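Letter by letter, the chains look like this.
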Amino acid sequence: MGSALWLWQVHNHVSQRVAGERGAELPEPWPTRDECDVCRGAAGQLDDRAVYLHLRSAYWQPFASESFFSFSEPSEMALLLSGIAATGYCAWHAMKGSFRHGKSS
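Everything in this summary refers to the structure shown in the same document. From a predicted model like this one, the values you see are computed outputs, not experimental measurements. (Residues numbered from 1 in each chain as written. Predicted model: local features only at pLDDT ≥ 70, side-chain atom pairs only at ≥ 80, totals over all residues. Heavy atoms only, no water.)

**Digging into the state of the cysteines**
Thinking step 1. Overall, the coordinates contain 1 disulfide when judged by the stated rule.
Thinking step 2. Residue C36 pairs covalently with C39 via a disulfide, S to S 1.9 Å. Where C36 bonds to C39 through sulfur, the torsion about that S-S bond is close to 80 degrees, and the disulfide is right-handed. Like C39, C36 is buried. (Disulfide = S-S within 2.5 Å. Buried < 20%, exposed > 50% of the residue type's maximum accessible area, 1.4 Å probe, protein only.)

**What about the pattern of salt bridges?**
Thinking step 1. Following the criterion strictly, the structure yields 3 salt bridges and no others.
Thinking step 2. For E21, the salt bridge is made with R17, and the minimal N-O distance between the two is 2.8 Å. Residue E21 and its partner R17 are both found in helix α1 (residues 2-21); the two are separated by 4 residues, about one turn of the helix.
Thinking step 3. The exposure class assigned to E21 is exposed, which follows from its relative accessible area of 57%.
Thinking step 4. Across the pair R40 and E28 runs a salt bridge whose closest N-O atoms are separated by 3.4 Å. (Salt bridge = Lys/Arg side-chain N within 4 Å of Asp/Glu carboxyl O. Helix = DSSP H or I, 4+ residues; strand = E, 2+ residues; numbered from the N terminus.)

**Comments concerning helix α2 (residues 48-59)**
Each full turn of the α-helix corresponds to 3.6 residues, which orients residues three or four apart in the same direction.
Thinking step 1. Look at α2: 16 Å from first C-alpha to last across 12 residues, which is about the 16 Å you get at 1.5 Å a residue.
Thinking step 2. Along α2, the residues classified as buried are A50, V51, Y52, H54 and L55. (Expected span 1.5 Å × (residues − 1).)

**A short note on the nonpolar core**
Thinking step 1. Within the largest apolar cluster, 13 residues are counted, with the highest numbers of intra-cluster contacts made by A4, L5, W8, V51, L55 and W60.
Thinking step 2. Looking at this core, the elements that each hand over two or more residues are α1, α2 and α3 (74-96).
Thinking step 3. Element by element, the count of residues in this core is highest for α2, at 4 residues. (Core = buried A, V, L, I, M, F, W, Y, C linked by side-chain atoms within 4.5 Å.)

This is the structure in structure tokens:
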């Protein structure tokens, strides 16, 4: 559950940061109320457990071919998705030149 929620939190923070940098309206944190009405408590705060269950129902559906990927634990899938996201992020930074000449962003 940990890495899946971490990736979800990073997604929401990046969305907020990018919108702020562009002067755009700040988006509602994902999942929106329309996408998951049970993900928020009475005070409107996102509930980690409900969000995790929403993530599972949205992204951990059975694959068309069980023999292609087989995960015994949802955390294995979350680890794979985290690795893919990290690789994509590093590739994006490399393409924009952040890693050249010892620069860090």
